[in-house]
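Per-entry structural report
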Amino acid sequence: MTAEAPTWFLRCFEIPAGAPWRQWQAARIEATHAGPLPSAASLVSVRRLGRWAPGVTARFAVAYVRRDERPVPPIETVVDGHSVRFAFASAAAARTDLRDLAVTGLYVATAVLCVGLAMEKALAARAANDLLLTREEVRARRWGVAEHRADAAAKDEDLLRRAGADGRSFADVASDLVWLGRTKRPSAIIERVRWNGPAMRVLVDGSAPPTTSDERALAPIGKIADAREWEVKRSSPSVVKIGLTPPRPPTHPARVAPTRPHVVP
Amino acid sequence: MKLKARALAGLGGAAASAALAMALLLILVARAPHQSARAADLRTSDDAAARLLQRPAVAASGVVLCQSGLQTGAAEVRQALQRTSSDAGLVLRAVEFAPLSSDLPRGMSGAQMRLVVNGGDKALAQFLRSASQARLPIVLDAVEIKRLGGGSVQAEFSGRLLCRRAA
């Protein structure tokens, strides 16, 4: 059984000089709209006759077959001395092409989406790292300030010690007076208290010592009228321990994990 | 069959895209050079901080050095003593500063100070507590507290105002 040759129509026309794609566009329009059959009822195949050349009018040949005569095998003929092969795409083939195009498009879209999502995640992670690094840098700067202060305090203490400041602050005098008030003999009348050097001197009416405590060494050193002066050894100097206080981390709006950034060196 | 082949090819393409995306992620995040450099700086800073924390505490003498220069320091101390004695209920008889006769260690400057206050013994104790807490830049060389009668005492403080000399 052989396939019956389809009924087909051939037409030639010219398209003015222009860019090749412009000429093809014009040829398709001409073939579709100036055909012998309504475009919905026909399959159209357009072929250029001869090569494109700039500034030269192009000749095209168009073959028409009825749609109801599918499937249509290719038609080979000679037009203006050129051997031309007209091929007609069936609706099924067109659907397959369309489906292939859709699948390819889907894959391309998926790939673009993957890359886009990864980029978004990467940029977000980098921004979070930047924020975290900034926060840590602020903390590091505070450490620097704390270190500077600690150094300055240590130098100051060294200078003060060399200037003989140990045991000669208001706190030391207050401490001695508190001790004297706490341990004073109830009947003792203290006329004068002096600090000059390493000892405290207490002038008391009568010959009895000013305190009943044996916490500190006490010795009479002189007599003025009815009063006696006692030398009391001073307590150890008042000291304050000054250490380094870790600076507080800066408070930032959330969104940053409270850990160091995971950065590969 | 053709469609299956295309599907397989598409899956391969998607896997390749995901691999490319991961590579981009690594390039953009993990290998960001400026962030690596900043992180390295922070590690150095952390080491310094750890060393600082291990540093032993300094025993301070209860006196601080004034940092603002001798004249400003004297004015500040005068003001602090006036306020402290007034708050305690003492009468400030004298607060005087004079050039220092003795030498000081290098890096320091100082002035002689004399302070005389009158008042009750409880007021004097309050004054001493407040002056202790204020940690004034004053080293007391001599103090004399004597009874005046009527429950009143007079305290005379001689000392040195000590300041850090600007380098």
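**Structural notes on the overall build of chain A**
What chain A contains, in helices and strands, is three helices and 10 strands. Moving toward the C terminus, one meets the helices and strands of chain A in the order β-α-β-β-β-β-α-α-β-β-β-β-β. Here chain A holds 265 residues, and the buried ones make up 31% of them. Summarising the internal contacts of chain A: among those between residues at least 6 apart in sequence, 59% fall at separations of at least 24. Of the roughly 16000 Å² of accessible surface on chain A, 58% is carried by carbon and sulfur atoms.

**A closer look at the interface of chain A and chain B**
Each side of the interface is counted separately: chain A has 67 residues, and chain B has 65 residues. Across the contact surface, chain A and chain B share four salt bridges. Run the count over chain A and chain B and you get 16 residue pairs in polar contact (both at pLDDT 80 or more). At the level of secondary structure, the elements contributing two or more residues to the side of chain A that touches chain B comprise helix H2 (91–162), helix H3 (170–183), strand E6 (190–196) and strand E10 (240–242) of chain A. For the side of chain A that touches chain B, the leading source of residues is H2(A), giving 34 residues. Split by residue class, the side of chain A that touches chain B holds 36 nonpolar, nine polar and 22 charged. In the sheet, E6(A) pairs with strand E4 (residues 138–149) of chain B via five bridges, with the strands oriented antiparallel. Within the sheet, the bridge partner assigned to Arg194(A) lies in E4(B) and is Glu144(B).

**Thoughts on the nonpolar core**
If you look at the biggest cluster of nonpolar residues, it comprises 41 residues, and the most contacted ones within it are Phe170(A), Leu81(B), Leu115(B), Leu124(B), Phe127(B) and Phe157(B). Aside from chain neighbours lying at most four places away, what touches Phe157(B) is Phe170(A), Met113(B), Arg114(B), Leu115(B), Val117(B), Leu124(B), Phe127(B), Leu128(B), Leu140(B), Ala142(B) and Val143(B). Membership of the second largest hydrophobic core comes to 11 residues, among which are Leu43(A), Val72(A), Phe86(A) and Phe88(A).

**Thoughts on the confidence of the model for chain B**
The predicted coordinates of low-pLDDT regions are not to be read in fine detail. Here chain B averages 84 in pLDDT, and 90% of its residues register 70 or above. Among the prediction metrics, the complex's ipTM stands at 0.72, with pTM recorded as 0.56.

**Observations concerning the state of the cysteines**
Residues and elements named next belong to chain B. By the definition in use, this model includes one disulfide over all chains. Put simply, Cys66 and Cys163 are joined by a disulfide, and their sulfur atoms are 1.8 Å apart. Handedness of the Cys66-Cys163 disulfide follows from its S-S torsion of about 90°: it is right-handed. With a gap of 97 residues between them, Cys66 in the loop between strand E1 (58–60) and helix H3 (70–88) and Cys163 in strand E5 (residues 152–164) connect regions that are remote in the sequence. In this structure Cys66 comes out as buried when scored by relative accessible area, which is 6%.

**Brief notes about the packing of aromatic side chains**
Using the criterion set out here, one finds five aromatic pairs over all chains in the structure. Judged by centre distance (6.1 Å) and plane angle (15°), the rings of Phe13(A) and Phe60(A) are stacked. Here Phe13(A) is found in strand E1 (residues 8–15), whereas its partner Phe60(A) is found in strand E3 (residues 58–66), with 47 residues between them in sequence. Overall, the relative accessible area of 7% leaves Phe13(A) in the buried class. By relative accessible area, which is 0% here, Phe60(A) ends up buried. Look at Phe170(A) and Phe157(B): their rings are 5.5 Å apart centre to centre, the planes differ by 50°, and that puts the pair in the tilted class. Taken together, the residues span two chains, with Phe170(A) in helix H3 and Phe157(B) in strand E5. Assessed through its relative accessible area of 3%, Phe170(A) is described here as buried.

**Some points on the sheet that holds E4(B)**
Pairing is antiparallel in the open sheet, where eight strands are placed in the order E8(A)-E9(A)-E7(A)-E6(A)-E4(B)-E5(B)-E3(B)-E2(B). The sheet is open, and its two borders are formed by strand E8 (218–224) of chain A together with strand E2 (91–99) of chain B, each paired with just one other strand. Between one strand axis and the next, the sheet turns by 15° as a mean value, whatever way the strands run. Note that E6(A) and strand E7 (residues 199–205) of chain A share five bridges and pair antiparallel. Note that in E7(A) the partner of Ile190(A) across the bridge is Val204(A). The sheet strands contacting H3(B) are E2, strand E3 (108–120), E4 and E5 of chain B, and the helix crosses E2(B) at an angle near 165°. The sheet strands contacting helix H4 (residues 121–134) of chain B are E3, E4 and E5 of chain B, and the helix crosses E3(B) at an angle near 155°.

**Focus: the packing of H3(A) against H4(B)**
The interhelical angle for the contact between H3(A) and H4(B), taken along N-to-C directions, is 145°, at an axis separation of 8 Å. Crossing angle aside, the handedness with which H3(A) passes H4(B) is left-handed. Where H3(A) approaches H4(B), its residues Phe170(A), Ala171(A), Val173(A), Ala174(A) and Leu177(A) are matched on the opposing element by Phe127(B), Leu128(B), Ala131(B) and Ser132(B). Of the residues in the contact of H3(A) with H4(B), the class split is eight nonpolar, one polar and no charged.

**Re the packing of H3(B) against H4(B)**
Residue and element names in this part refer to chain B. H4 packs onto H3 with a crossing angle of 140° between their chain directions and a minimal axis gap of 8 Å. By the angle class used here, H3 and H4 are oblique. In this structure, H3 meets H4 at a crossing whose hand is right-handed. Between H3 and H4, the residues in contact are Leu81, Thr84, Ser85 and Ala88 and Ala123, Gln126, Phe127, Ser130 and Ala131, respectively.

**Examining the pairing of E3(A)**
Residues and elements named next belong to chain A. Burial of E3 is extensive: seven of the nine residues sit out of reach of the surface. Direction of pairing for E1 relative to E3: antiparallel, over a ladder of eight bridges. Considered in E3, the bridge of Glu14 is made with Arg59. When strand E2 (residues 42–49) meets E3, the two strands line up antiparallel, connected through eight bridges. Along E3, the bridge assignment pairs Ser45 with Ala63.

Conventions adopted
Residues numbered from 1 in each chain as written. Chains lettered and ligands numbered in written order. Predicted model: local features only at pLDDT ≥ 70, side-chain atom pairs only at ≥ 80, totals over all residues. Heavy atoms only, no water. Helix = DSSP H or I, 4+ residues; strand = E, 2+ residues; numbered from the N terminus. Buried < 20%, exposed > 50% of the residue type's maximum accessible area, 1.4 Å probe, protein only. Contact = heavy atoms within 4.5 Å. Areas by Shrake-Rupley, 256 points an atom, 1.4 Å probe, with all protein chains shown as cover. Salt bridge = Lys/Arg side-chain N within 4 Å of Asp/Glu carboxyl O. Polar contact = N/O pair within 3.5 Å; in protein donor to acceptor, adjacent residues only side chain to side chain. Nonpolar A, V, L, I, M, F, W, Y, C, P; charged D, E, K, R; others polar. Pairing = 2+ DSSP bridges. Core = buried A, V, L, I, M, F, W, Y, C linked by side-chain atoms within 4.5 Å. pLDDT = per-residue confidence, 0-100. Disulfide = S-S within 2.5 Å. Phe/Tyr/Trp six-rings, centres within 6.5 Å; stacked < 30°, edge-to-face > 60°. Axes fitted to C-alpha atoms, helices over the stretch in contact; angles between N-to-C directions. Left-handed = near helix turned anticlockwise from the far one by under 90°. Parallel < 35°, antiparallel > 145°, perpendicular 65-115°, else oblique.

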